[in-house]
Amino acid sequence: MKSTHVTNNPQGGTTAGGNGDGEAPGWRESVVDLSAKVAVVTGGARGIGWSTCIALAREGIRAVGVVDMAEDLPASVEQLNAKLGRSVLIPYRGDVTNGDFRRQVFADLEKRFGCVSICVPAAGITRDALAVRVNKDTGEPEVYSETDFRRVIEIDLTAPIYWSLQTIASVTRSRLQRGVKRWTPEEPIEGCIILIGSVSSTGNRGQISYATAKAGLEGAQATLAAEAIYHGVRCAIIHPGYTDTAMVRALGEDYINSRILPQTQLNRLIRPEEIAHAIVFMIRNAAVSGQLWVDAGWHPAA
Ligand SMILES: NC(=O)c1ccc[n+]([C@@H]2O[C@H](COP(=O)([O-])OP(=O)(O)OC[C@H]3O[C@@H](n4cnc5c(N)ncnc54)[C@H](O)[C@@H]3O)[C@@H](O)[C@H]2O)c1
């Protein structure tokens, strides 16, 4: 089901409720103010994560913890901060599936900047193969590697959920310290989680592990959306179509030209900046909830 839900709760901007003199708030006042917010973006060294870090920095966010296992992360972040003219991005090198590493990242960000309230857990991998294939040499059916299945689920499903839960916990702790409990619509929105799904969440040949993980994120999104608003945290999911990143380039030029592009309306790969733009929109517009499909008109042939 393709849908973009817009909640009927008009609150959530920084000055939600207007200026008090009866005038409706302007467009700037209606979007969530990021200037005091701290975000964590995983998979931030490349592709969609990297573009999201840049977009958040340009939107004036206070700080972004950029999480990735890529070796060049600290150097690329340093260069980018220099370009941006401020030390807004903080690199953290490590594996997103490691719980101790995750807790250290949050502890450090909280110590330096305060509560972490925005999370875009974008780290992801694919391990594509048919669910069951016949081995040409032995003539026997072979089932998909259980090791690969578990690894994809760890990175693409369990980890994004736990980085999200840690974000909600960070906001909850901060609210408890401020002596507030249940969030009310008169308050500004506290935070936001944008999970990264995929067009593959509806099922895709050769992607038993990846499609399962991405579909699983929809259940997590719906559950967290219902629970976390108690603390003033929204949760939504974006489903990108085929985007021009290393993950997709690994499929090879021929596959992209023959199997992907003809099935899109744009007839080109989506730019990571276009996905980042949509993510920022979802973060800044408090009325956006549920699922947003940014898929370039992807309509896979049966
Ligand atoms: N590219 C697409 O077409 C597309 C489409 C739909 C969804 N997505 C999703 O968007 C997200 C980003 O994908 P991308 O295309 O930018 O991929 P990418 O390969 O360009 O970047 C992924 C990043 O995640 C990091 N990473 C992977 N495993 C990690 C781990 N265990 N710990 C820490 N870092 C880890 C990698 O080092 C890399 O920098 C993924 O969740 C992916 O599933 C991508």
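Residues numbered from 1 in each chain as written. Predicted model: local features only at pLDDT ≥ 70, side-chain atom pairs only at ≥ 80, totals over all residues.

Chemist: Can you walk me through the site of the ligand in this structure?
Modeler: Residues in contact with the ligand amount to 26 residues; listed here are only the nearest, G43, R46, G47, G124 and T245. For the shell around the ligand, the elements supplying multiple residues, two or more each, are α2 (47-58) and α7 (246-249). Taken together, the residues of the shell around the ligand sort by class into 15 nonpolar, eight polar and three charged. (Near = placed C-beta within 6 Å. Helix = DSSP H or I, 4+ residues; strand = E, 2+ residues; numbered from the N terminus. Nonpolar A, V, L, I, M, F, W, Y, C, P; charged D, E, K, R; others polar.)

Chemist: Sorry if this is basic, but what is going on with the packing of α2 against helix α9 (residues 272-284) here?
Modeler: When two helices pack together, their arrangement is given by the angle between the helix axes and by the axis-to-axis distance. Their axes nearest at 8 Å, the elements α2 and α9 cross at an angle of 55°. Here α2 is positioned oblique relative to α9, judged by the angle of their axes. Seen along the crossing, α2 lies across α9 with a hand that is right-handed. For the pair formed by α2 and α9, the contact residues are G47, I48, S51, T52, I54, A55 and L56 on the first element and P272, E273, I275, A276, H277, I279 and V280 on the second. Looking at side-chain class alone, the contact of α2 with α9 contains nine nonpolar, four polar and one charged residues. (Axes fitted to C-alpha atoms, helices over the stretch in contact; angles between N-to-C directions. Parallel < 35°, antiparallel > 145°, perpendicular 65-115°, else oblique. Left-handed = near helix turned anticlockwise from the far one by under 90°. Contact = placed C-beta atoms within 7 Å.)

Chemist: Help me understand the confidence of the model for the chain in this model?
Modeler: Low-pLDDT stretches of the model should not have their predicted coordinates read in fine detail. With 91% of its residues at a pLDDT of 70 or more, the chain shows a mean pLDDT of 92. Low pLDDT, under 50, characterises residues 4-20; the stretch is placed with 37 contacts to residues that sit more than four places away or in other chains. (pLDDT = per-residue confidence, 0-100.)

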